[in-house]
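What follows is the residue order along each chain.
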Amino acid sequence: MTDHIIIEQPAAHPGVQSIRFNRPEKKNAITRAMYGAMTDALKAANADPDIRATALLGTEGCFSAGNDMNDFLAAAMGGGVIQEILDFLYALVKAEKPVVSGVDGLAIGIGTTMHLHCDLTIASDRSQFRTPFVDLALVPEAASSLVAPHLMGHQRAFSLLAAGEAFSAAEARDAGLIWKVVEPAEVDALTLATAARLAAKPPEALRIARDLIRGDRDEIIARIDEEARHFSARLKSAEARAAFEAFMRR
Ligand code: COA
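Residues numbered from 1 in each chain as written. Predicted model: local features only at pLDDT ≥ 70, side-chain atom pairs only at ≥ 80, totals over all residues. Heavy atoms only, no water.

1. Focus on the sheet that holds strand β5 (residues 99-103)
Moving on, step 1. Taken in spatial order, the 6 strands of this open sheet run β1-β2-β3-β5-β7-β10, and their pairing is mixed. With partners counted over all chains shown, the strands left at the sheet margins are β1 (5-8) and β10 (180-182), one partner each. Looking at each pair of strands side by side, their axes are set apart by 15° on average, direction ignored.
Moving on, step 2. Where strand β2 (residues 16-21) meets strand β3 (residues 53-57), 5 bridges bridge the pair, whose relative direction is parallel. Along β3, the bridge assignment pairs I19 with L56.
Moving on, step 3. Strands in contact with helix α7 (residues 187-199) are β2, β3, β5, β7 (120-124) and β10; relative to β3, the strand with the most contacts, it is inclined by about 165°. (Pairing = 2+ DSSP bridges. Helix = DSSP H or I, 4+ residues; strand = E, 2+ residues; numbered from the N terminus. Axes fitted to C-alpha atoms, helices over the stretch in contact; angles between N-to-C directions. Contact = heavy atoms within 4.5 Å.)

What follows is the structure in C-alpha cells.
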C-alpha cells in the first residue's frame, strides 16, 4: 500500500479508473510500492466490467521524474533487478482496456516511455519529455528501443533514447509520441473526458479495434525482457553507481 498513488473511479466520469501519481515533493519519482499499486490497478481494471478505460495522471507541473534514484542505487548494490518495474510494464502492455495519459510538466525516463504504451496522451504546452538513460550509464527500457523507432524513425528515436535530448510537447506530438497539446489547466479534464468517451463506446468492438492497432504484444514483451537484461547489468556497473551517487550528492 502507498499514498503515493491515488486510484479512483470518479463519479463525473463513468467507466473510468484514474491512476494518479501523488508524490509531488519528489517530483513523482516512482518507487517499487508505486509500481506495485499501478500494476494492481491495471489488473483490477481488466477484471472489472464497470471499468472501461484508465486515465494515468500526474500532479500540477510534474508527471514523473522517472524511477526513484534510491531504488536504482539499491538495485545497483544488490541484484540489479527491480521486478516491480517489469511487472508494471507487462501489465501496461497487456492492459485490456484503453489507457489515456495526461502530462503537465516533467516526464523523465519511464515517465516518458510509458506513453509509448498508452493509446492517447494529452500534454500541456509546458511539458518536457526526456530519457537520460545513457547519461546515467543505462540503456533504454519499456520496449522503447522497439516502439520509438517504429513511431518516429531512427533519428528522432536516437535523439530521445540515446542522446538524451529533451522533446517539447510540440516536438513530442510531431514525433507521434503524444496525441494533443493543450493549456496546463486543461490536461486533467481533457484526459478524464477522453477516457470517459472511450468508456462509453461498445466495449467489445473497442477491444478488438485496439488489439488490431496495437499489434503483437509478445514481441513487445520480448523486447522489454531483452532490454531488462542489459539494464540490470548496466545498473550494477561502476559508471551507473557513480551517476546515481552524483545525483544523491547534488
Ligand atoms: N528519484 C528520487 N528522488 C528524486 C528524483 C528521482 N528520480 N527526481 C527528483 N527527486 C527528488 C530530489 O532528490 C528532491 O528531493 P529533496 O527535496 O529531498 O532533495 C526533490 O525530488 C525535488 O527535486 P529537485 O532536483 O530539487 O527539483 P528540480 O526542479 O531542481 O529538478 C528534476 C527536477 C526532475 C529535473 C531533477 O530532480 C532530476 O534530474 N531528477 C532525476 C531524473 C532522472 O534522471 N530520472 C531517472 C530517469 S531513468
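2. So, the side chain of S124
Moving on, step 1. With respect to the element layout, S124 can be found in strand β7.
Moving on, step 2. For S124, a relative accessible area of 0% translates into the label buried.
Moving on, step 3. If we skip the residues at most four places from it in the chain, S124 touches V103, D104, G105, A169, V181, V182, E183, P184 and V187. (Buried < 20%, exposed > 50% of the residue type's maximum accessible area, 1.4 Å probe, protein only.)

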